[in-house]
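Analysis of the macromolecular model
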Amino acid sequence: MFGFIQTIYGKGSNSHALLSALDRSLAIIEFSLDGTILNANTNFLAVMGYSLPEVVGRHHRMFVDPAEHASPAYQEFWDRLRRGEFQRALYRRIAKNGRELWIEATYNPILDATGRACKIIKFATDVTERQVTNADMRGKIDAISRSQAVIEFNPDGTVITANENFLSVLGYSLDEVRGRHHSMFVDPQERETAAYRDFWKRLNSGRFETAQYRRIGKGGRVVWIQASYNPVFDDMGRLRKVVKFATDITEQISMLGRLKSLIDTNFSEIEQAMTTAHRQADTAAAASSETRVTVQTIAAGAEELTASAHEIADGMSRSQQAADVAVSEADNADRAATRLSEVAKAMGGIVELIRSIAGQINMLALNATIEAARAGEAGRGFAVVANEVKNLANQSANATSQISREIDGMQAVSRDVVSSLTAIRKSMSNLRQFVVMSAGAVEEQTTVTANISVNMQGASTSVAVVDQSIGAISTAFVQVGNAIAETKEAARMLAR
């Protein structure tokens, strides 16, 4: 135990116990009035990293930054101690090997019997870790304070203090807000509402609040802030104050308002255009459906036309074959009629020959009759024969005349037949040519109608695809319309 402790408190048991307790819990060091180190306990030496021989006899400045112990403030510090003035503070000190630490210490002048200081006793606690933590916290708070508007309120809502950022945003000085209630920043209509009273009730119950808030700055200027209200408690869990961290978002809200106005204007025009387009799409869909039905009907008709064309082509082919047979038969009939005419002509010659023979027989019968008459009774039988021959000659002449007339009629008919057959053959030839031409045209039409049928089937499929596409476009218009409505609502929410 230190000699100066015994000097101050004597050797009583109570004093000894008290000093022992201090020695165990505190770092203690003794200085002369000029700052020379007289003694130090184990706690102090452990904190500073020295042994007792390394510090005894040396000056207190060994623990102080060189820039500090050369300053007037350091000189004044010792002058006050020598005058017997008590010193207490948080001190930055330099330990062995230049290590920096922080101590919370009291420098206590010890007075002699005359009341003058005779030495200095220092009681210290190492608070380096706490100081580092506090410094870190202060750094964070300072960083927040530099970037955000900060204001502190008592639990009743009166302003304790505010940083420059907050005062700049709202347009006040600190004196204009300190001691006044938070309601000075709130719209008058809001101050008297149950929602505002509940807001402070929740804060007083320790609840955290964060949102976008509309606030009133100096001169009635509207300010929008993104803020959080943070209840702060003491070690006993009692609410000490409410700290508000805020960011000015007035410009963003203004921009969102302009954006909402722009979206409302532009999207209204888009909605009108979409409505018109949707209506046109519906009309086109209806027309497309009708067209699809029409095209399908035409396609079915084309298929029937193709089938009919095939039947006509088959009929024309059979007609062509029949015409060929008719022309051939007409040629055969023409040739037979020609031969008939030639035979009739030949029979005409034979008739003439018979007529000539009949004339000669008649002449001969006449001569026989004359000779029979000359012969008298002897020639009577001859006359009978001659008369019979004459009668036969006359009958032959009459028959020959009849045959000649018939042959003439037959020749006339033959000529008429030949003429008619010639006309028929020409007509059949023309008919065959027409049938051939018609068959070619029908074949070409069959090919064309087949192509039409195929194309109409493809057109029907294409129209169906167009119909589906128009339906999809119509659905897309509805979806776009819904998206526009949702976007407008989102813009309204953002600009709120």
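Reading the values: the criteria
Residues numbered from 1 in each chain as written. Predicted model: local features only at pLDDT ≥ 70, side-chain atom pairs only at ≥ 80, totals over all residues. Heavy atoms only, no water. UniProt positions renumbered as here; feature names shortened; annotations may be inferred. Phe/Tyr/Trp six-rings, centres within 6.5 Å; stacked < 30°, edge-to-face > 60°. Helix = DSSP H or I, 4+ residues; strand = E, 2+ residues; numbered from the N terminus. Buried < 20%, exposed > 50% of the residue type's maximum accessible area, 1.4 Å probe, protein only. Patch = residues over 30% accessible without salt bridge, like charges linked within 9 Å, V, L, I, M, F, W, Y side chains within 5 Å. Areas by Shrake-Rupley, 256 points an atom, 1.4 Å probe, with all protein chains shown as cover. Salt bridge = Lys/Arg side-chain N within 4 Å of Asp/Glu carboxyl O. Pairing = 2+ DSSP bridges.

An unreviewed UniProt entry lists the chain under the name Methyl-accepting chemotaxis protein, with Azospirillum humicireducens as the source organism. If you open the UniProt record of the chain and go to Sequence similarities (unreviewed entry), you find "Belongs to the methyl-accepting chemotaxis (MCP) protein family."

1. As for the packing of aromatic side chains
Pairs of aromatic rings are described using the distance from one ring centre to the other and the angle between the two planes. Under the definition given, this model contains 17 aromatic pairs. A centroid spacing of 5.4 Å and a plane angle of 75° characterise the contact between phenylalanine 166 and phenylalanine 185, whose relative ring orientation is edge-to-face. Of the two residues, phenylalanine 166 is situated in helix H8 (residues 164–170) and phenylalanine 185 in the loop between helix H9 (174–177) and helix H10 (188–191); the sequence distance between them amounts to 19 residues. According to the relative accessible area criterion, phenylalanine 185 is buried, its value standing at 1%. Ring plane angle 15° and centroid distance 6.4 Å describe the contact between tyrosine 196 and phenylalanine 199, whose orientation is recorded as stacked. Within this pair, tyrosine 196 and its partner phenylalanine 199 are both found in helix H11 (residues 194–204), separated by three residues, close to a single helical turn. Summarising the burial analysis for this pair, tyrosine 196 and phenylalanine 199 share the class buried. An aromatic cluster of three or more residues is present, and its members are Phe31, Tyr74, Phe77, Trp78, Tyr91 and Tyr107.

2. A closer look at the environment of serine 404
Relative to the assigned elements, serine 404 resides in helix H13 (residues 380–494). When its relative accessible area of 13% is taken as the criterion, serine 404 is described as buried. Here the alpha-carbon distance between serine 404 and glutamate 352, two residues 52 residues apart in the chain, equals 8.1 Å.

3. A short note on a nonpolar patch on the surface
On the surface, Met363, Leu366 and Ile370 cluster together into a nonpolar patch covering about 260 Å² of accessible area. Judged by relative accessible area, which is 40%, isoleucine 370 ranks as partly exposed.

4. Describing the pairing of strand E7 (residues 159–162)
Note that strand E6 (residues 149–153) and E7 share three bridges and pair antiparallel. Within E7, the position partnered with glutamate 152 by the bridge is threonine 161.

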